[in-house]
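Listed below, chain by chain, are the residues.
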Amino acid sequence: MYELEKENLRRLSDYIAKFLRPSLIKTFITTHFDKEMVERVLSEEETSVTAAAQMLLERMCFLEEEGWFQAFLDTLFASEYTGLYKAIKDWDFHELEELNDHRKLLERIEASITKLIKPSELLTYMNDCLKPRECEEIKAEEIQKGYIAASQKLVDTLLRSDKPNWFKALKMALDACSCYQALELLESNGGGTTTIGCGSDGEADSMMTVSFEYREEAESEDMLMSANSMTVTETPSGFKGECVRSGELKLREYQKELTDAAEGQNTIICAPTGCGKTIVAVAICEHHLKKFPGRAKIVFLATKVDVYEQQYNLFKKHFSSTDPNIKVTGMCGDMDLSVQLLIESHDIVVMTAQILVNALHSGEVPSLDLLSLILLDECHNTTGKHPYNNIMTRYLDTKLGSSTQSLPQIVGLTASVGIGSFKDRTEAENNILQLCANLDTRVIATVTKHLDELRTYVHTPDKEFFEVPQRTCDPFIRIIMNIMSNIEHLAQKAFDIESLSNIKTHEYGSQKYEQWIVSVQKSCRVISMKNSEEERRICRDLYNYTEHLRKYNDALIINEDARTKDCLDFLDGFFEQVRNAGFDETERKLTALYDSQRPQLLVLATEGQQNPKLEELKLILNEEYHNNDQTRTVLFVRTRALADAMKKWIEDTDSLKFLMPGVLIGKGRKSNLTGSGMTPTNKKGVLDSFKSSDQSKILIATSVADEGIDIPQCNLVLMYEYVGNVVKMVQVRGRGRAQGSRCFLISSCKDRIMKEKINVIKEKLVEEAIVNLQSRPDISYKVDMLQREDKAQRDHVSASPEKPKKQGSYRLLCGKCKKFACLSDNLRVVQESHHIALDRSMFERFTTVPHKKPRSFCGFSKNKKMLCGDCKHDWGLIASYLTIQDLPLLKIESFVVQDCVTEKQDYFRKWRDVTFAIREFDMKEITPETWPPRDTTF
């Protein structure tokens, strides 16, 4: 893990050690090393700071835990090592090396200057370039050992300083303290204006050249001359005062072909995964910046935070190496920054699409004419209600309206335009034309002239299909289904649940059964009875029954694809959570029902038949790694729970545990029982481990990895019951980049295998459709016609009067037990999207638990979760907003809304769907009387 960073630290350890003092980053050392190692480093520092720093850097190269390198950078920054932080973060030591002449001068005159100064007087004027601890140590040295010893301490500290202003600050301090002899000594020896190129013996100083080199790897998707592979190399010539850069962008011929196609016009660039579309995007940006110097404003949009992180790093590293004057920044959902300010103060901004949508909607970004170029990664998503289409709808309304605003150039990037459903080439063409209309382009750029060169770099894996028989009669499954049948019977006795849904199915272990549960739960929430207590009891019971049915259904789905053991572990986890929550009488009965069967389930999970699909997967993996022990595998699965189960299976299988599987899943909205969401830092650690040859050899991934995320070279892609549309097929298959790589679909479902075979045929139809559209003279007319039709439809919808929001008072009731939460009169909306309750008495009706992942957003800082005081149902968050503490931030999907007059109940999944009016929040409503501190409430 972090092999690149470790290699760079090794190569530059002698140089970094000249600045770094380990005791100043003690927090990092104590966190990542054992007590003995910490003591050794700090003990060595007492003898030699440089030797201690070298010892630390050497040991850092053996760290394996996720996030250690970022923690090192964070500690440097927090410890005010700002210059060293920037140099290591960007692997650019140019600014630090500019201090080299000053250091050599100070070293040469050290013996003289230390006799001419009083450090305690100078420190007053040098706070900007010395750390507080360093100042205190110098003062203590002067008190204990005198001026000369303190002066030597000051000089040693300055020689290790990474602050660019230390030499200037020293001169100003000497002048302010009337130390003219010392100042003259500095200036007469060069004063920093004369380059010191020779040592005192007249021989050239020993130097080392720092060279930044980009290595482009064909197998890495969209790699920016492999910006992830940026290395720092030493050359015998020594260290010069400037960096030698070899990071100039060198496009392949097929990349030039794609870049040229987008010259000055809206374009969809359609090229295979792994061909380097990001390189093309960077080249387009460079051309655009040169064409509109000082006026260009570029936004690169990503669909996901994971992709944003990756692409932002590529853009940042490239332009910091080739042209540091180009200002590149990034912005994703967790950042509370001004979008307009970022755009106005930078040349290129990389961001997730929703951020731009929000900024346009709020008026923070008044219009798209602020930009001159928008690049949309994975642009095939520009359909329906996707943020991309939201942005382009605004673009098209401006273009087709009477506005005189200038509009930015649009460039979309994708591996496939095979969107939507289609049966033949004509329907495929119509879908592609609609995408062109949405993106306002008449140009679909593909590689045609240099196709042979493209094929030498991009390999399309061979595809094979493995149809595996399903399990035969399984007593474990029979027991689970019998439990589910009993629960349905109990639920039916409480209420006629068959009347609550139009979906008629009892096919346990299916997605359709999941849909039936969702439908029943939705109807359960709004059951209305004359006896309110009876209504609360029945609604809570039905919620519990259906929630248990849902988990058993999930367990059957896990059992179908994984081990019975994993299915049992999933259920054990669920019931542990049930016992730790409300645990009412109904939940106790349901738990007892499970407990009575668990001993038999455990025996069957331990001794029962194996899953044939896992046996087939094990044979494939054993054979592939036997033939090539350097095989790199990406295993795609459908769900997070299955990803977690597959990881455990591999780790528990003797012949496979050497693969050391990593798991890559999405962030998710909730922490599930198994396979909870991953943070960007977690994902980076997993990907770094997979890139390392001595670490993970297999990556288990959900759909988060099929689009956009850069996964390095692998030669085996396994699709485990994982089938989607044509675009998904192209993206998943494209993860196998090496020559001779293969892609296998493993499934026990004939329909699933047939669907993937049809996708292969559809891919050919899409290719034919593109070729035909590229030669059609009427493509511009067709696109214009579609745009006018879409605009007319939007105008019709916008002209239709909106259904007015109802006035009146409503109760918010717990969606699980119908406990009263608050009145709609007490609701307020903040920033048009966040809904708070200004009802201090509400704290008597809920409980709180600490939030596992506290964070800040839009002025809010969430810190606790809010749970129903009776049934522990999740109601939302407790957060602070600006200076206001302890505000209930509600999730509408957790409640039922009841009209106070008619007592009619409604359920809304989104706040935008509610039918009653909610007032805007006014800070004046919060006073010490209306919102006292929490401790005075109880």
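Residues numbered from 1 in each chain as written. Predicted model: local features only at pLDDT ≥ 70, side-chain atom pairs only at ≥ 80, totals over all residues. Heavy atoms only, no water.

### A word on the overall build of the protein
Counted only if it meets this: The helix and strand labels rest on DSSP assignments: H or I over at least four residues marks a helix, E over at least two residues marks a strand, and numbering proceeds from the N terminus. Summary of the burial criterion: residues with accessible area below 20% of their type's maximum are buried, those above 50% are exposed, and those between are partly exposed, where the area comes from a 1.4 Å probe applied to protein chains only. Two residues qualify as a contact provided that any one of their heavy atoms is within 4.5 Å of a heavy atom in the partner residue. Working definition of accessibility: Shrake-Rupley area with a 1.4 Å probe, residue cover restricted to the visible protein chains.
What the protein contains, in helices and strands, is 32 helices and 27 strands. When burial is assessed residue by residue, the protein has 54% of its 938 residues classed as buried. Partitioning the intrachain contacts of the protein with sequence separation of at least 6 by distance along the chain shows that 72% fall at a separation of at least 24. Element-wise, carbon and sulfur atoms account for 49% of the exposed surface of the protein, whose accessible area totals about 42,200 Å².

### Section: helix H19 (residues 387-400)
Stated formally: Given the number of residues in a helix, its expected span is that number minus one, multiplied by 1.5 Å.
An ideal rise of 1.5 Å per residue puts 20 Å on 14 residues; H19 measures up with 20 Å between its terminal C-alpha atoms. Turning to H19, its buried residues are Pro-387, Tyr-388, Asn-389, Ile-391, Met-392, Tyr-395, Leu-396 and Thr-398. Taken together, the buried residues of H19 touch strand S5 (298-302), helix H18 (353-362), strand S8 (373-377), strand S9 (409-414), helix H20 (425-438) and helix H32 (779-799).

### Details of unusual backbone geometry
Unusually for a residue other than glycine, Trp-91 sits at a positive phi of about 50°. Relative to the elements of secondary structure, Trp-91 occurs in the loop between helix H6 (82-90) and helix H7 (94-97). Residues other than glycine seldom take positive phi values, yet Glu-378 does so here, at roughly 55°. Looking at where Glu-378 falls in the secondary structure, it is placed in the loop between S8 and H19.

### A short note on the packing of aromatic side chains
Defined as follows: Pairing of aromatic rings covers Phe, Tyr and the six-membered ring of Trp, with a centre-to-centre limit of 6.5 Å; geometry is then stacked below 30 degrees between planes, edge-to-face above 60, and tilted otherwise. The rule is short: NZ of Lys or CZ of Arg within 6 Å of the ring centre and within 35 degrees of the ring normal puts a charge over the ring.
This structure, assessed with the given rule, holds 24 aromatic pairs. Aromatic side chains Phe-28 and Phe-72 sit 5.4 Å apart centroid to centroid with 50° between the ring planes, which places their arrangement in the tilted category. Of this pair, Phe-28 sits in helix H2 (residues 26-32) while Phe-72 is found in helix H5 (residues 68-78), placing the two residues 44 residues apart along the sequence. Note on Phe-72: relative accessible area 0%, which makes it buried. Aromatic rings pair up to connect Tyr-552, Phe-574, Phe-575 and Tyr-594 into one cluster. For the cation-ring pair, Lys-757 lies above Phe-465, with the distance from its terminal atom to the ring centre recorded as 5.2 Å.

### So, the sheet that holds strand S11 (residues 462-467)
Heads up, the rule is: Paired strands, in this sense, are two strands between which DSSP finds at least two bridges. For helices, the fitted line uses only the C-alpha atoms of the stretch in contact; every axis is such a line through C-alpha atoms, and the angle between N-to-C directions lies from 0 to 180 degrees.
Taken in spatial order, the six strands line up as S11-S16-S15-S12-S14-S13 in an open sheet, and their pairing is parallel. The sheet terminates laterally at S11 and strand S13 (662-664), the two strands that pair on one side only. Strand after strand, the sheet turns through a mean of 20° between neighbouring axes, direction not considered. Direction of pairing for S11 relative to strand S16 (residues 742-747): parallel, over a ladder of six bridges.

### Some words on the pairing of strand S6 (residues 328-331)
For a regular strand, side-chain orientation follows a simple rule: the groups alternate between the two sheet faces. Alternating residues of S6 divide into Val-328 and Gly-330 and Thr-329 and Met-331, and every residue in both groups is buried. Two elements, S6 and strand S7 (residues 348-352), share four bridges in a ladder whose sense is parallel. Within the sheet, the bridge partner assigned to Met-331 lies in S7 and is Met-351.

### Overview of the pairing of strand S18 (residues 820-823)
Pairing of strand S17 (residues 810-814) with S18 involves three bridges; the strand directions are antiparallel. Among the inter-strand pairings, Arg-811 is bridged to a residue of S18, identified as Leu-823. Linking S17 to S18, which pair antiparallel, is a turn of five residues; within it Lys-818 sits at a positive phi near 65°.

### Observations regarding the pattern of salt bridges
For clarity, the cut-off: Salt bridges are counted wherever a side-chain nitrogen of Lys or Arg sits within 4 Å of a carboxyl oxygen of Asp or Glu.
Counting across every chain of the model gives 52 salt bridges. Here Glu-45 makes a salt bridge to Arg-21, at a shortest N to O gap of 3.1 Å. Taken together, the positions of Glu-45 in helix H3 (residues 35-47) and Arg-21 in the loop between helix H1 (3-16) and H2 put the pair 24 residues apart, joining distant regions of the chain. Taking relative accessible area as the criterion, Glu-45 reaches 10% and is therefore assigned buried.

### Re the state of the cysteines
Rules: The term disulfide is used for any two cysteine sulfur atoms that are within 2.5 Å.
Per the counting criterion, the structure on display carries zero disulfides. The thiol of Cys-179 is unpaired, and the distance to the nearest cysteine sulfur, on Cys-177, comes to 5.4 Å. Look at Cys-179 and you get buried, because its relative accessible area is 10%. Between Cys-379, a free cysteine, and Cys-270, which holds the nearest cysteine sulfur, the sulfur-to-sulfur gap is 8.0 Å.

### Remarks on the sheet that holds S6
Reading across the sheet, the seven strands line up as S6-S7-S5-S8-S9-S4-S10 and stay open at both edges, with parallel pairing between neighbours. Both edges of this open sheet fall to S6 and strand S10 (444-445), since each of them pairs with a single strand only. Note that S8 and S9 share five bridges and pair parallel. Within S9, the position partnered with Leu-376 by the bridge is Gly-412. The sheet contacts of H19 involve S5, S8 and S9, and relative to S5 the element is tilted by about 145°.

### Things to note about the packing of helix H8 (residues 100-113) against helix H11 (residues 147-159)
How we decide: We call two directions roughly parallel when the angle between them is under 35 degrees, roughly antiparallel when it is over 145, roughly perpendicular when it lies between 65 and 115, and oblique otherwise. When residues are sorted by character, Ala, Val, Leu, Ile, Met, Phe, Trp, Tyr, Cys and Pro go into the nonpolar class, Asp, Glu, Lys and Arg into the charged class, and all the rest, Gly among them, into the polar class.
Running from amino to carboxyl end, H8 crosses H11 at an angle of 175°, the nearest separation of the two axes being 10 Å. Judged by the angle between their axes, H8 and H11 are roughly antiparallel. Facing Arg-103, Leu-106, Glu-107, Glu-110 and Ile-113 of H8, the residues of H11 in contact are Gln-152, Val-155, Asp-156, Leu-158 and Leu-159. The residue makeup of the contact of H8 with H11, split by class, is five nonpolar, one polar and four charged.

### Side note on the side chain of Lys-131
Its place among the elements puts Lys-131 in the loop between helix H9 (119-122) and helix H10 (132-145). Accessibility expressed as a relative area gives 8% for Lys-131, which makes it buried. The contact partners of Lys-131, leaving out residues within four places of it in the chain, are Leu-24, Ser-79, Glu-80, Tyr-81 and Lys-163.

### A look at a positive patch on the surface
Quick reminder of the rule: Only residues above 30% relative accessible area that lack a salt bridge enter a patch, with like-charged residues linked at up to 9 Å and the nonpolar side chains Val, Leu, Ile, Met, Phe, Trp and Tyr linked at up to 5 Å. When charges are counted, neither His nor the chain ends are considered; positive counts come from Lys and Arg and negative counts from Asp and Glu. A single reference atom marks each charge: NZ on Lys, CZ on Arg, CG on Asp, CD on Glu.
Together, Lys-385, Lys-522, Arg-909, Lys-910 and Arg-912 make up a positively charged patch on the protein surface. Tracing the chain through its elements places Lys-910 in the loop between strand S26 (905-906) and strand S27 (919-920).

### Some words on the packing of H10 against H11
What counts is decided by this rule: The crossing is said to be left-handed when, going from far helix to near helix, the turn is anticlockwise and less than a right angle, and right-handed when the turn is clockwise.
Following both chains from N to C, one finds H10 and H11 inclined at 160°, their axes separated by 7 Å at the closest point. With respect to each other, H10 and H11 are oriented roughly antiparallel. Judged by the twist between their axes, the crossing of H10 over H11 is right-handed. Here H10 contributes Glu-134, Glu-137, Ile-138, Glu-141, Glu-142 and Lys-145 to the contact with H11, which in turn contributes Tyr-147, Ala-149, Ala-150, Lys-153, Leu-154 and Thr-157. Across the contact of H10 with H11, the residue classes tally to five nonpolar, one polar and six charged.

### Some details on the side chain of Arg-525
Mapped onto the secondary structure, Arg-525 falls in helix H23 (residues 511-525). It turns out Arg-525 is buried and unbridged, and the closest side chain with the opposite charge, Glu-547, is 6.9 Å from it. Among all residues touching Arg-525, those that are not within four sequence positions of it are Tyr-543, Gly-815, Lys-818, Glu-893, Val-896, Gln-905 and Tyr-907.

### Brief notes about helix H14 (residues 253-261)
When we look at burial in H14, the residues that qualify are Tyr-254, Gln-255, Glu-257, Leu-258 and Thr-259. Buried residues belonging to H14 abut strand S4 (267-270), helix H15 (277-291), S10 and helix H21 (451-457).

### Points about the confidence of the model for the protein
Regions with low pLDDT should not have their predicted coordinates read in detail. Counted only if it meets this: The pLDDT score gives, residue by residue, the confidence of the prediction method on a 0 to 100 scale.
Taken residue by residue, the protein gives an average pLDDT of 82. The fraction at 70 or more is 87%. Across residues 190-247, where pLDDT falls below 50, the model places 168 contacts with residues more than four positions away in sequence or in other chains.

### Overview of the environment of Glu-925
Worth spelling out the cut-off: Think of a polar contact as two N or O atoms within 3.5 Å of one another; within protein, one of them needs to be a possible hydrogen donor and the other a possible acceptor, and neighboring residues in sequence only count if both atoms come from side chains.
Within the secondary structure, Glu-925 is located in the segment after S27. For the pair formed by Glu-925 and Leu-838, sequence separation is 87 residues and the distance between their alpha carbons is 8.7 Å. When residues no more than four places from it in sequence are discounted, the contact partners of Glu-925 are Arg-828, Leu-838, Arg-919, Glu-920 and Thr-930. Among the polar contacts made by the side chain of Glu-925, one reaches the side chain of Arg-828 at a distance of 2.8 Å.

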